[in-house]
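Coordinate analysis (summary)
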Amino acid sequence: MAVETKTLDVKGMSCGHCVSAVESSVKELDGIETVKVDLSSNKVTVSFDETKVQLAQVKEAIEETGYDVA
């Protein structure tokens with residue numbers, strides 16, 4: 001398993017609901033190991049198995065929740 005960890009800048013998150021919405025949408029993807037949302041810095045750190053899921057899919061899941069990935 002090739003685990004990759006990336007940190008993304010996510011715009012538009014402002015509350016605890018935003019955090020749980022992003023975490024839930026990303027965790028639904030197959031191959032996600034961990035998701036950590038830091039509301040104060042607007043960053044999402046995700047560890048994933050790159051043989052099962054691509055970074056583009058993670059970004060798409062966040063954008064479909066209503067937030068912009070820089």
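In this text the structure is predicted, and so the values were computed from the model without any measurement.

Section: the packing of helix α1 (residues 16–27) against helix α2 (residues 55–64)
The N-to-C vectors of α1 and α2 enclose an angle of 140°; their axes lie 9 Å apart at closest approach. With respect to α2, the element α1 is oriented oblique. Here α1 runs over α2; the crossing is right-handed. Residues V22, S25 and V26 of α1 pack against V58, A61 and I62 of α2.

Some words on a negative patch on the surface
Together, E60, E63, E64 and D68 line one region of the surface with negative charge. Examining the composition of the negative patch, we find that 3 residues originate from one element, α2, more than from any other. Mapped onto the elements of the fold, D68 is located in strand β4 (residues 68–69). By relative accessible area, D68 is classed as exposed at 53%.

So, the pairing of strand β1 (residues 3–11)
Examined bridge by bridge, β1 and strand β3 (residues 43–49) share 7 bridges and lie antiparallel to one another. Across the sheet, residue T7 finds its bridge partner in β3, namely T45. The pairing of β1 with β4 spans 2 bridges and is antiparallel. Across the sheet, K11 pairs through a bridge with D68, a residue of β4.

Each value, and the rule that gives it
- Residues numbered from 1 in each chain as written.
- Predicted model: local features only at pLDDT ≥ 70, side-chain atom pairs only at ≥ 80, totals over all residues.
- Heavy atoms only, no water.
- Axes fitted to C-alpha atoms, helices over the stretch in contact; angles between N-to-C directions.
- Helix = DSSP H or I, 4+ residues; strand = E, 2+ residues; numbered from the N terminus.
- Parallel < 35°, antiparallel > 145°, perpendicular 65-115°, else oblique.
- Left-handed = near helix turned anticlockwise from the far one by under 90°.
- Contact = heavy atoms within 4.5 Å.
- Patch = residues over 30% accessible without salt bridge, like charges linked within 9 Å, V, L, I, M, F, W, Y side chains within 5 Å.
- Areas by Shrake-Rupley, 256 points an atom, 1.4 Å probe, with all protein chains shown as cover.
- Salt bridge = Lys/Arg side-chain N within 4 Å of Asp/Glu carboxyl O.
- Lys, Arg positive; Asp, Glu negative; His and termini not counted.
- Charge placed at Lys NZ, Arg CZ, Asp CG, Glu CD.
- Buried < 20%, exposed > 50% of the residue type's maximum accessible area, 1.4 Å probe, protein only.
- Pairing = 2+ DSSP bridges.

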